[in-house]
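# Architecture and fold: a report
What follows is each chain in one-letter form.
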Amino acid sequence: MNKPKVMMAMSGGVDSSTAALLLRGAGYDVIGVTLKMFDNRDLGLEGDSSLANAADAKQAADMMGFPHYVFDFCEYFRSGVINHFVEEYENGRTPNPCVDCNRHVKLGRLFARAAEMGCDYIATGHYANVKFDEKSGRWLLLRGADRQKDQSYMLYTLTQEQLSHILFPLGNLHKTEIRDRAAAEGLASAKKPDSQDICFVPDGDYARMIETLTRRKPKPGRFVHLDGTVLGTHRGQLHYTIGQRKGLGIAYRYPLYVIKKDIKNNIVYLGPQEALFSDTLIAGRCNLISVPELTGPMRVTAKPRYRADDVPAVIEPAEDGNIRVTFEDPQRALTPGQAVVFYQGDVVVGGGTIQ
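Let me begin by describing the structure that accompanies this report. (Residues numbered from 1 in each chain as written. Predicted model: local features only at pLDDT ≥ 70, side-chain atom pairs only at ≥ 80, totals over all residues. Heavy atoms only, no water.)

## Focus on the side chain of N266
- Relative to the elements of secondary structure, N266 occurs in the loop between β10 (257-262) and β11 (267-271).
- For N266, a relative accessible area of 15% puts it in the buried group.
- Of note is the side chain of N266, whose polar atom sits 3.0 Å from the backbone oxygen of P220.
- Not counting residues within four places of it along the chain, the set of residues in contact with N266 comprises K219, P220, G221, R222, H234 and Q237. (Helix = DSSP H or I, 4+ residues; strand = E, 2+ residues; numbered from the N terminus. Buried < 20%, exposed > 50% of the residue type's maximum accessible area, 1.4 Å probe, protein only. Polar contact = N/O pair within 3.5 Å; in protein donor to acceptor, adjacent residues only side chain to side chain. Contact = heavy atoms within 4.5 Å.)

Structure representation (structure tokens):
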């Protein structure tokens, strides 16, 4: 009987290398792939970390005795992630490129390539779980056992078809267990630092990267208080996100925060912290996992940003396929462009993009 064939996405880090190790131990026929997403020179960055990461992944694959390939996904990453990232920032929104990357590139394109190569599954080093629910007849996405590392938030765009052909070998493990297992097996990545959340902005300077790509300098504009008072001049709205306090350079009788942005008039509105709180939002570009559709109000917990805790909320259908989210308690800095993901216990109900 042939072993199930699985395409293992390998970044060269400890998570994906250990995931490959676990798959081999479980009897899968593994092939490793590393995705080249971008050329550092196009983004004004020095060196080429992708070459080093591919070398680390190949070393791990060679050690475990399975083939390794490098796929050039630069075109897909540019069109599906970087261009959208730039467009969103220029329109005053704060995108989540890791969600877009999973949707369009890492998982979206990889499934197609895996099918071409005769693979039964793809696998990743994400901290999440998947199972089939007999009662509902649906595949479910669940949180990873390590709540500090759980990445189910980043995976809410997975479809039923994709969930039926994806494996998360690390889903029931904690980071410390993974590093210990990697060290015990002699993997070189055992002590390798974790990667950055946004791979193509390693220094966190989004404005610099966008200026490099567009060859346009951010245009200065006005800081305006919510009461209409002009407070000063900003460096370009790209430099500011909702909820930001530091770096405003405005002296006032109480701390000021970025409350909203008017892109048409190039105004950044400032105000007191209490103005940041809201108890409702509209989510667009929604994907549901645990249910086929939302027909009425549903009690969930909602996570309005990756590093936030999920909190009690009610979701219900809104116009144009959108979802209205009403929080039990007002939430701080609900930011357009970020993902909001809905849970019932450990099960991901679905999610969308904050409008």
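## Overview of the sheet that holds strand β2 (residues 29-36)
- Reading across the sheet, the five strands line up as β3-β2-β1-β4-β7 and stay open at both edges, with parallel pairing between neighbours. The open sheet is flanked by β3 (68-72) and β7 (166-167), the only strands paired with a single partner.
- In this sheet, β2 lies alongside strand β1 (residues 5-9) in parallel orientation, the contact comprising five bridges. Each residue of the ladder has a partner; that of M8, found in β2, is G32. (Pairing = 2+ DSSP bridges.)

## Observations regarding the side chain of E88
- As for its placement among the helices and strands, E88 is situated in helix α3 (residues 74-90).
- Assessed through its relative accessible area of 10%, E88 is described here as buried.

## Comments concerning the environment of T353
- Looking at the secondary structure, you find T353 in strand β17 (residues 347-354).
- Spatially, the C-alpha atoms of T353 and E116 are 31 Å apart, while their sequence positions differ by 237 residues.

## A look at the layout of surface pockets
- In this structure, the second largest pocket spans a volume of roughly 500 Å³.
- As for the second largest pocket, its lining consists of 25 residues, of which T94, N96, Y206, R305 and Q338 are closest to the centre.
- When residues of the lining of the second largest pocket are traced back to their parent elements, those giving at least two are α3 and α4 (97-106).
- Its residues assigned to classes, the lining of the second largest pocket shows 14 nonpolar, seven polar and four charged. (1 Å grid on protein atoms, 1.4 Å probe; cavity = no way out; pocket = protein on both sides within 12 Å on 5 of 7 lines; lining within 4 Å. Points joined across faces, edges and corners; volume = space filled by probe spheres on them. Nonpolar A, V, L, I, M, F, W, Y, C, P; charged D, E, K, R; others polar.)

## Here's the deal with the sheet that holds β11
- Spatially, the four strands line up as an open sheet ordered β9-β8-β11-β10, and their pairing is mixed. The sheet is open, and its two borders are formed by β9 (230-234) and β10, each paired with just one other strand. Each adjacent strand pair in this sheet contributes to an overall mean axis angle of 30 degrees, direction not counted.
- As paired strands, strand β8 (residues 221-225) and β11 are joined by four bridges and run parallel to one another. By the bridge assignment, H225 is partnered in β11 with L270. (Axes fitted to C-alpha atoms, helices over the stretch in contact; angles between N-to-C directions.)

## Topic: the pattern of salt bridges
- Under the defined criterion, the tally for this structure stands at 15 salt bridges.
- Between R93 and E88 there is a salt bridge, with the nearest N and O atoms lying 2.8 Å from each other.
- With a relative accessible area of 18%, R93 lands in the buried category.
- Salt-bridge contacts for R147 lead to D346; the nearest nitrogen and oxygen are separated by 2.6 Å. On the criterion of sequence distance, the pair formed by R147 in the loop between β6 (138-143) and α6 (160-163) and D346 in the loop between β16 (339-344) and β17 is long-range, its members being 199 residues apart.
- A relative accessible area of 51% places R147 in the exposed class.
- The exposure class assigned to D346 is partly exposed, which follows from its relative accessible area of 36%.
- Because the salt bridges share partners, they merge into one network encompassing D15, K149, K175, R179 and D194. (Salt bridge = Lys/Arg side-chain N within 4 Å of Asp/Glu carboxyl O.)

## Topic: the pairing of strand β12 (residues 277-288)
- Summarising the sheet, β12 and strand β15 (residues 323-332) pair through six bridges and their orientation is antiparallel. Bridge pairing links I282 to R324 in β15.
- Here β12 runs beside β17; their pairing, made up of four bridges, is antiparallel. Looking at β17, one finds that N287 is bridged to G351.

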